[in-house]
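Each chain is listed here by its residues.
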Amino acid sequence: MTITLDTQTFIAAAPKSLRAESTGLTPAEFHERYCGHAGPIKLGEYTHRRAAEFTATLEFAGHLRTVTATGSPVAALTSALYDEGYPVEILAFHQRRTESGMATFVQCEFNGRRGWGAALADDSAESTVRAMIAGINSLG
């Protein structure tokens, strides 16, 4: 379940380098730039079953792929993205619990471009998956 976004608290949870990069952006601009979900990859269904087990259905240019993993969502999603032609590298990962939920900030590199993705969700794995997708979509 995705939670309500308190953008000011969310931005305050970001790593120092991202806060510096986003200086001058309004909260709405920050959300649009770093949390946007428009792009070639879409997250369909997401299910968190047990402590470190999740299933995410991703849509790539009209076809679906289901990723099921126990453990690191970064490793599982990176592998699935690579298999689909998105060889993304994770350069920085920052995660903090806020009053609104788990905030995740991921700096990605794809096709020689770097950018941040950010997300807020109830659990760590969902927040990570959503932040990675936002980061890749911003570069695509």
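Criteria and thresholds
Residues numbered from 1 in each chain as written. Predicted model: local features only at pLDDT ≥ 70, side-chain atom pairs only at ≥ 80, totals over all residues. Heavy atoms only, no water. Helix = DSSP H or I, 4+ residues; strand = E, 2+ residues; numbered from the N terminus. Expected span 1.5 Å × (residues − 1). Buried < 20%, exposed > 50% of the residue type's maximum accessible area, 1.4 Å probe, protein only. Contact = heavy atoms within 4.5 Å. Arc of directions from axis to C-beta. Axes fitted to C-alpha atoms, helices over the stretch in contact; angles between N-to-C directions. Left-handed = near helix turned anticlockwise from the far one by under 90°. Nonpolar A, V, L, I, M, F, W, Y, C, P; charged D, E, K, R; others polar.

As annotated in an unreviewed UniProt entry, the protein is 2-keto-3-deoxygluconate kinase from Nocardia acididurans.

Caption draft 1: Summary view of helix H5 (residues 124–139). Compared with an ideal rise of 1.5 Å per residue, which puts 16 residues at 22 Å, H5 spans 23 Å between its outermost C-alpha atoms and is within 8% of the ideal. With 14 of 16 residues buried, H5 is to be regarded as a mostly interior element.

Caption draft 2: The side chain of Asn137, seen in detail. Positionally, Asn137 belongs in helix H5. The residues touching Asn137, leaving out its near neighbours within four places in the chain, are His37, Ala38, Gly39, Pro40 and Ile41.

Caption draft 3: Examining helix H3 (residues 27–35) more closely. Looking only at H3, the buried set comprises Phe30, Tyr34 and Cys35. Angularly, the buried residues of H3 cover 80 degrees about the axis, an arc narrow enough to put them on a single face. Of the residues in H3, the exposed ones pointing more than 90 degrees away from the buried face are Ala28 and Glu32. Lining the buried residues of H3 we find helix H1 (7–12), helix H2 (16–21), strand S5 (101–110), strand S6 (113–121) and H5.

Caption draft 4: Structural detail: the packing of helix H4 (residues 73–83) against H5. Packing of H4 against H5 brings their axes to within 9 Å, and their N-to-C directions diverge by 35 degrees. You can see that H4 and H5 cross each other, and the crossing is right-handed. On the side of H4, the interface is formed by Pro73, Val74, Leu77, Thr78 and Leu81, while H5 contributes Ala125, Thr128, Val129, Met132, Ile133 and Ile136. Class assignment of the residues belonging to the contact of H4 with H5 gives a composition of 9 nonpolar, 2 polar and no charged.

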